[in-house]
Amino acid sequence: MGPFDYFGIAIDSIGQNKVRSLLTMLGVIIGVMSVILLISLGEGAQAYIQREFAGMGSNVLIITPGKQETSGMMPLIAGSFRKLTYENAREIARRGRGIRAVAPVVIGAGAVQYDERRRNTMVIATTDEFEKVRNLHAQLGRFISDQDIDKNNKVCVIGTKVKQELFGAGNPLSKSLNINRSKHTVVGVLEPKGMMLGMNIDDLVIIPLRSGQLMFYGGEDRLFQIVVGAKSPDDVKVATDSVRGILKTAHDYVEDFTITDQTSILATFNSIFVAMRVMLAGIAGISLLVGGIGIMNIMLVSVRERTREVGVRKAV
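Below is a summary of the structure that appears in this document. If you're wondering where the values come from, they're calculated on a predicted model, not measured in any experiment. Every chain begins its residue count from 1, and numbering advances along the sequence as written. Predicted model: local features are reported for residues with pLDDT of at least 70 only, side-chain atom pairs are reported and counted for 80 or more only, and whole-chain, interface and lining totals are derived from all residues. Hydrogens and water molecules were not included; the side-chain quantities draw on all heavy atoms of the structure.

### Notes on the pairing of strand S5 (residues 155-158)
Throughout this description, buried means an accessible area under 20% of the type-specific maximum (1.4 Å probe, protein chains only), exposed means over 50%, and partly exposed covers the range between. Segments assigned H or I by DSSP are reported as helices when at least four residues long, segments assigned E as strands when at least two residues long, and all are numbered from the N terminus. Where burial is concerned, the two faces of S5 agree: the one with Val155 and Val157 and the one with Cys156 and Ile158 are both buried. Strand pairing is assigned whenever DSSP identifies at least 2 bridges connecting the two strands. The sheet contact formed by S5 and strand S7 (residues 182-190) spans four bridges and is parallel. Looking at S7, one finds that valine 157 is bridged to glycine 188. The pairing of S5 with strand S10 (residues 204-208) spans two bridges and is antiparallel. What sits directly across from isoleucine 158, in S10, is valine 205.

Written out as structure tokens, the structure is:
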């Protein structure tokens, strides 16, 4: 008997036991698909997080007041005896190495109103460098400029959701918004970004730094954080050391601040995803093992039922 004869006998056996053959194939298919899908799920989640960070700017350093021991998670609120100031940010921009942009940031909650429409949203006060560091650009109008900072212009850039809620389909440019009872002229609308790292980028208002310091800190030169963009991934270490040296000098050689970079944040997420992939691979392996045992059981039954037939064929 040749190979084609054996193949024909196998096809004939499959046809005679359709249900059993179907169950055997299902065991193989489900086992293999579970491995592929679960591993792909872990890889997809990791790629999603990396895209989220890329969408919020690349090679970013986040400087917050207060010394914290951190394992890579982004510090949100910190306290310090010595505050970060706009002058600190400008000093970093002047003397920092491996740095392409520096954005001082003030963050607070704001009640935004236009005519009778009103909503609460996040307000970010910053400079024009924030556009480069955080990869946020205006799709309509313009972003905050140097002149707005120097002249302390009362202007604002709004997200697409804020625009939709307050202005509908109308053009918001040159319209006046009340932000915490302070009038600001709309000069731009941000590109739609959606949710990024738990923050809705479309639901925020950006104003000049001085306006934010007056609104949230009573005019005191104080910052919530400083966001620094390094020139390249290779410059992140150089930029971190440079920023640390500049701030320590300004703070009487006391490191009362925390510098967090995307590499450490991503490293934390990557360690989580490695553990998740191992867990998913283990679950998939168990599914494959169970499917293999079921297939083995069916094959043993099939061989036992055909023992006489196999003996006759061998004898012939």
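### Focus: the pairing of strand S6 (residues 176-179)
Of the two faces of S6, the one lined by Leu177 and Ile179 is fully buried and the one lined by Ser176 and Asn178 carries no buried residue. In sequence, S6 turns back onto S7 through a hairpin of two residues, with asparagine 180 there showing a positive phi of about 50 degrees.

### Topic: unusual backbone geometry
The backbone of asparagine 135 shows a phi angle near 55 degrees, a positive value even though the residue is not glycine. Looking at the element boundaries, asparagine 135 is found in the loop between helix H4 (129-133) and strand S4 (138-141). For asparagine 135, a relative accessible area of 28% gives the class partly exposed. Positive phi is not limited to glycine here, since arginine 181 has a value of about 70 degrees. For arginine 181, the position within the fold is in the loop between S6 and S7.

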